[in-house]
Structures are given as structure tokens and as C-alpha cells.
Amino acid sequence: MADVNKKIMETALLAGKIMTESNAESYRVEDTMNRILTTSNAAYAVAISLSTGLYITLDDPSFEGSGFTGITRITRRSNNLNKITLVNYISRDLTAGKISIDQAYERLQEVRSKGPQYSKLQVSIGIVGLASAFSFLFGGSADEFIVATINGLILALMYRVVDRYYISEGFSNIVQALVVTVAAYLMKEWLQWDVDTNIVIVSTLMPMVPGTAITNSLRDIFHEDYLAGASRAVEAFLNALMIAIGAALGLVIIGGLM
């Protein structure tokens, strides 16, 4: 029985880890983990989700010795709604009695081993498409559209480089924002077009904006999960700040060259 309860705790931790790494809201992660813990029928089962770690305690007077406590560290995050959905299906199948705890753990391992939801080519196309579309949204003409598309290609290339060679998110945001800012001005000088570089720069920076992190932090706060919401909000603010610093440095460099 002890082995079963330990496996339930490990399964709940794995499910929470996958969801947190996929950028799920903390309240949603806790709901899924607690749902899995109910299969143990323990008198005391609590799961806590933070943006940087997960904590679980499972205890009952019938347990021999002491209860179980599990902690896992979250060191990476990416947006993957598909994995969040798959974990949700597995947890519901488990609580409905359709699968055993061992089957649930195996399926979760398969989900975690899955690669990104979209290929690198699809991500690159998405970045270029966003940069191009935002140029029209911000009132740009065909000239801004063309320059923003080229700048989007540069940003997509930098994303590929960052993905291949590990670079911290904050530093990579600074470098990427700096490069696309400088590139926008250099293309304007090279093409000799009457291009509004402000529209081009803002359009290219939009794919970098941490919109999901900001939204999730607010949703956690509205669910009264203030600690997790505040930590996500700080993370989103710092990422946005790094983008702003990179663009500002780019403007300083251009000011010195022109």
C-alpha cells in the first residue's frame, strides 16, 4: 500500500511539473495534482504550485510510519497548450477509474518526452507573420510591411540561434531587441525608403512580448493565488524590461552612428 501511495504522489508531481513547464496557471496545476491525490483516499493530501517549485504532502493515520512529502524544482518553461490538455485528460481518466496509476505515470512520461508542439519552421513562420501583421495593425504602409517582414526574418533567425545555444532568457531578450532595432534603421538607410522605423521596431518586438505570462499572472491573482501570481508578474515585467533595454541600447548605437 505504501508503494501505491508513493506512486500516486510521484504521478501528481510529474503531472504538475509537465503543466508548470508548459506555462499552465498555478491554480490549474494545483487542481490537477489534487485530483490525482484523491485516488489515494488519504485523510490529508495537499498540493501547492509555485512558478519555481511544486510541493505535495500525503498523509493518513493508516499509513505505516510517516506520510509522504514530495518537492520538485521547475527550471524551464515554454508555452505548450497541447501538453496541458493531455495531462488533463490523463488525470480525468485516472480519477474515473479508466486507467491505473501505473498506466497514468507511463502516459505522463510519454507526454513529457514529447518535443515542442510546433516545429522550428512553424515557429519561424509565426514570428515573421506576427511582425508583418502588426505593421499593418499599427498603421504601416506596404514599405513598413516589407521592412517588418525582413526584420521578422532576422528575429526568427536569432530565435533559432538562442534555441541551439543555451542563452539566458533575459540576456537573449536584450540582444534580440538590440539587433532588430539597429537592423530597422540600417534597412531604412540602405533602401532609402520613407519608412517609419518606429512602426517597424514595435511590430518586430511584439512576438517577444510575454503576453501569456502576464495573462496567467492575472488569472492566478484573480483566483487569490497571490504568491504565484506575483512571481509570474515579476518575471513578465523583467522580461519586458529586458526587451526595452535592448531596444534602448539599439537606439543609442544608432544615435552614435548617424
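Residues numbered from 1 in each chain as written. Predicted model: local features only at pLDDT ≥ 70, side-chain atom pairs only at ≥ 80, totals over all residues. Heavy atoms only, no water.

(A) Structural view of the overall build of the protein. A count of helices and strands for the protein gives 10 helices and three strands. Secondary structure elements of the protein, listed N to C terminal, follow the sequence α-α-β-β-β-α-α-α-α-α-α-α-α. For 258 residues, the compact-globule estimate of 2.2 N^0.38 gives 18 Å, and the protein exceeds it by more than 25% at 23 Å. Each principal axis of the C-alpha atoms in the protein carries an extent, and together these give about 80 × 30 × 30 Å. Counting only residues that meet the buried cut, the protein has 43% of its 258 residues in that class. For the protein, contacts bridging at least 24 residues in sequence account for 66% of all contacts bridging at least 6. Here the protein carries 20 positive and 24 negative side-chain charges, and the mean point of each set is 5 Å from the other. (Helix = DSSP H or I, 4+ residues; strand = E, 2+ residues; numbered from the N terminus. Rg over C-alpha atoms; globule rule 2.2 N^0.38 Å. Buried < 20%, exposed > 50% of the residue type's maximum accessible area, 1.4 Å probe, protein only. Contact = heavy atoms within 4.5 Å. Lys, Arg positive; Asp, Glu negative; His and termini not counted. Charge placed at Lys NZ, Arg CZ, Asp CG, Glu CD.)

(B) Quick peek at the side chain of Thr72. Looking at where Thr72 falls in the secondary structure, it is placed in strand β3 (residues 68-73). Apart from the residues lying within four places of it in its own chain, the contact partners of Thr72 are Leu13, Lys17, Gly53 and Leu54.

(C) Summary view of the pattern of salt bridges. According to the stated counting rule, one finds eight salt bridges in the structure shown. A salt bridge links Lys7 to Asp102, with the shortest nitrogen-to-oxygen separation between them at 3.0 Å. Taken as a pair, Lys7 in helix α1 (residues 2-21) and Asp102 in helix α4 (residues 101-113) lie far apart in primary sequence, 95 residues in all. Ionic pairing is found between Lys17 and Glu21, a salt bridge with its closest N-O pair at 3.7 Å. Of the two residues, Lys17 and Glu21 are both situated in helix α1; the distance of four residues between them amounts to about one turn of the helix. Comparing Lys17 with Glu21, the two get one shared label, buried. (Salt bridge = Lys/Arg side-chain N within 4 Å of Asp/Glu carboxyl O.)

(D) Just the packing of helix α3 (residues 81-95) against α4, in detail. Where α3 meets α4, the axes come as close as 10 Å, and the angle between the chain directions of the two elements is 175°. By the angle between their directions, the pair α3 and α4 is classed as roughly antiparallel. Facing α3, whose interface residues are Lys83, Leu86, Val87, Ile90, Asp93 and Leu94, α4 presents Ile101, Ala104, Arg107, Leu108, Val111 and Arg112. Here the residues of the contact of α3 with α4 sort into eight nonpolar, no polar and four charged. (Axes fitted to C-alpha atoms, helices over the stretch in contact; angles between N-to-C directions. Parallel < 35°, antiparallel > 145°, perpendicular 65-115°, else oblique. Nonpolar A, V, L, I, M, F, W, Y, C, P; charged D, E, K, R; others polar.)

(E) Quick peek at the sheet that holds strand β1 (residues 44-49). Ordered by their spatial adjacency, three strands build an open sheet running β1-β2-β3, and the pairing between neighbours is antiparallel. Across the chains shown, the open sheet's two edge strands, defined by having one partner strand only, are β1 and β3. Sheet twist, expressed as the average angle between the axes of neighbouring strands with direction ignored, equals 5°. (Pairing = 2+ DSSP bridges.)

(F) Region of the structure containing unusual backbone geometry. One non-glycine residue, Asn23, lies in the positive phi region at around 75°. With respect to the helices and strands, the residue Asn23 is situated in the loop between α1 and α2 (26-37).

(G) Representation of the pairing of β1 in the model. Two strands pair when backbone bridges link them, and β1 and strand β2 (residues 53-59) are joined in this way by six bridges, in the antiparallel orientation. Of the residues in β2, the one forming a bridge with Ala45 is Leu58. Here β1 folds back onto β2, and the loop between the two strands holds three residues.

(H) Fine view of the environment of Ile221. Mapped onto the elements of the fold, Ile221 is located in helix α9 (residues 211-222). Of the residues examined, Ile221 reaches a relative accessible area of 28% and is grouped as partly exposed. Spatially, the C-alpha atoms of Ile221 and Ala131 are 31 Å apart, while their sequence positions differ by 90 residues.

(I) Structural view of the side chain of Lys17. Lys17 sits in the buried class, given a relative accessible area of 15%. Lys17 has contacts with Leu54, Thr72, Arg73, Ile74 and Arg112, leaving out every residue within four places of it along the chain.

(J) Structural detail: helix α8 (residues 197-205). With respect to burial, α8 is a largely interior element, seven of its nine residues being buried. Inspection of α8 places Thr197, Ile199, Val200, Ile201, Ser203, Thr204 and Leu205 among the buried residues, and these make up the whole buried set. The backbone nitrogen of Asn198 has a side-chain oxygen 3.1 Å away, supplied by the residue at the start of α8, namely Asp196. (Polar contact = N/O pair within 3.5 Å; in protein donor to acceptor, adjacent residues only side chain to side chain.)

(K) Structural detail: the nonpolar core. Counting 30 residues, the largest nonpolar core has Met33, Leu37, Ile56, Val87 and Leu108 as its most contacted members. Mapped by element, the contributors of at least two residues to this core are α1, α2, β2, α3 and α4. In terms of residue count, α1 provides more of this core than any other element does, eight residues in total. For Ile56, the contacting residues outside a window of four places in its chain are Met9, Ala12, Leu13, Met33, Leu37, Val46, Ala47, Phe68, Thr69 and Gly70. Among the nonpolar cores identified, the runner-up in size contains 21 residues, and Ile127, Ala177, Ala184 and Ala247 belong to it. (Core = buried A, V, L, I, M, F, W, Y, C linked by side-chain atoms within 4.5 Å.)

(L) Highlighting α2. When the terminal C-alpha atoms of α2 are compared, their 16 Å separation across 12 residues agrees well with the 16 Å that a helix rising 1.5 Å per residue should span. Every buried residue of α2 is accounted for by Ser26, Val29, Glu30, Thr32, Met33, Arg35, Ile36 and Leu37. (Expected span 1.5 Å × (residues − 1).)

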